[in-house]
Amino acid sequence: MLTRKQQELLRFIEARLDADGVSPSFEEMKAALDLKSKSGIHRLITALEERGFIRRLPHRARALEVVKRADPAANSTLNSAPPSNAPPPVRAGFTPNVIPGNFPTPSAPPAPAATSDLVALPLYGRIAAGTPIEALRGHSEHVEVPATMVTGGEHYALSVAGDSMVEAGIHDGDTVIIQRCDNAENGSIVVALVDEAEVTLKRLRRKGAAVALEPANAAYETRIFGPDRVRVQGRLVALMRQY
């Protein structure tokens, strides 16, 4: 059974697909459901996918397929549900025993402390997932990410440019979450600074004294450097994508 918000989102996606064949963006979903952040939409999409109502199509932006349509009966139930303070129906011939409600009014419990499930990370700019680009300098923007993505250590975000890491599930336009570090295990996907001038996102391979920056796309070649030419700037810990 879906929650009210899940039903609303599923019906909105259905309507957009029926109208023009293109699923709405996260921004459009957020506005339609009057939510404050896209992370709420992400959780609703994940819940609908886990329950078998929708399916995300790989390697396509904003690609959602409705597998199971919203139940009209559930929609009717949501719209016609009695108010929470309405009395329960009384069976014919039933006489209730009424207990006088002269109880002292309990004091209201303290309101729970407000918590946020989002944290703001500096967005340093675009990083090449193909040919290295000029080293990133400074930052003026921030991006909000779920707090569960950044447990432990200092983190920052980068926008991906290029397609050399597509076979690792990293696409042009994705936002990658990076944990700052100066060393990483062999095989990790890292932000690497080359010759103090170029920065790129690649899989790190150490071969003896050499350092290899390996793409995840057969159209690109692995580049090999001496150990003094490459500095690790952080390792990939999470990824976000807009549909």
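The structure displayed is predicted, hence computed values, not measured ones.

Asker: So what's going on with helix α3 (residues 38-50)? Which residues, and what values?
Answerer: Between its terminal C-alpha atoms α3 stretches 18 Å, which fits the 18 Å expected from 13 residues at 1.5 Å a residue. If you check which residues of α3 are buried, you get Ser39, Gly40, Ile41, Leu44, Ile45, Ala47 and Leu48. Note on α3: the residue one or two positions beyond its end, Gly52, has a positive phi of about 80°.

Asker: Give a description of the layout of surface pockets that names residues and reports values.
Answerer: For the largest pocket, the calculated volume is near 510 Å³. Taken together, 20 residues form the lining of the largest pocket, with Phe26, Lys38, Met240, Arg241 and Gln242 sitting closest to its centre. Across the lining of the largest pocket, the residue classes break down as eight nonpolar, six polar and six charged.

Asker: Lay out the side chain of Asp174 with the relevant residues and their values.
Answerer: Its place among the elements puts Asp174 in the loop between β6 (155-161) and β7 (175-179). Within polar-contact distance, the side chain of Asp174 engages the side chain of Arg241 at 2.7 Å. Residues within four places of Asp174 in sequence aside, it is in contact with Leu158, Ser159, Val160, Gly169, Leu239, Met240 and Arg241.

Asker: So what's going on with the packing of aromatic side chains? Residues and values would help.
Answerer: Taken as a whole and judged by the stated rule, the model has zero aromatic pairs. Sitting above the plane of the Phe53 ring, Lys68 keeps its charged end 4.4 Å from the centroid.

Asker: So, the pattern of salt bridges: which residues are in play, and what are the values?
Answerer: Throughout the structure, instances matching the rule amount to 13 salt bridges. A salt bridge links Glu28 to Arg16; the shortest N-O distance between them is 3.2 Å. With Glu28 in helix α2 (residues 26-32) and Arg16 in helix α1 (residues 4-20), this pair connects stretches of sequence that are twelve residues apart. The class for Glu28 is partly exposed, based on a relative accessible area of 30%. A salt bridge links Lys30 to Glu27; its shortest N-O distance comes to 3.3 Å. Highlighted residues: Lys30 and Glu27, both in helix α2, separated by three residues, approximately one helical turn. Residue class for Lys30 comes out buried when judged on its relative accessible area of 18%. Here the salt bridges do not stand alone but share partners, grouping Glu14, Asp18 and Arg69 into one network.

Conventions used here
- Residues numbered from 1 in each chain as written.
- Predicted model: local features only at pLDDT ≥ 70, side-chain atom pairs only at ≥ 80, totals over all residues.
- Heavy atoms only, no water.
- Helix = DSSP H or I, 4+ residues; strand = E, 2+ residues; numbered from the N terminus.
- Expected span 1.5 Å × (residues − 1).
- Buried < 20%, exposed > 50% of the residue type's maximum accessible area, 1.4 Å probe, protein only.
- 1 Å grid on protein atoms, 1.4 Å probe; cavity = no way out; pocket = protein on both sides within 12 Å on 5 of 7 lines; lining within 4 Å.
- Points joined across faces, edges and corners; volume = space filled by probe spheres on them.
- Nonpolar A, V, L, I, M, F, W, Y, C, P; charged D, E, K, R; others polar.
- Polar contact = N/O pair within 3.5 Å; in protein donor to acceptor, adjacent residues only side chain to side chain.
- Contact = heavy atoms within 4.5 Å.
- Phe/Tyr/Trp six-rings, centres within 6.5 Å; stacked < 30°, edge-to-face > 60°.
- Lys NZ or Arg CZ within 6 Å of the ring centre and 35° of its normal.
- Salt bridge = Lys/Arg side-chain N within 4 Å of Asp/Glu carboxyl O.

On their own, these measurements won't tell you what the molecule is for.
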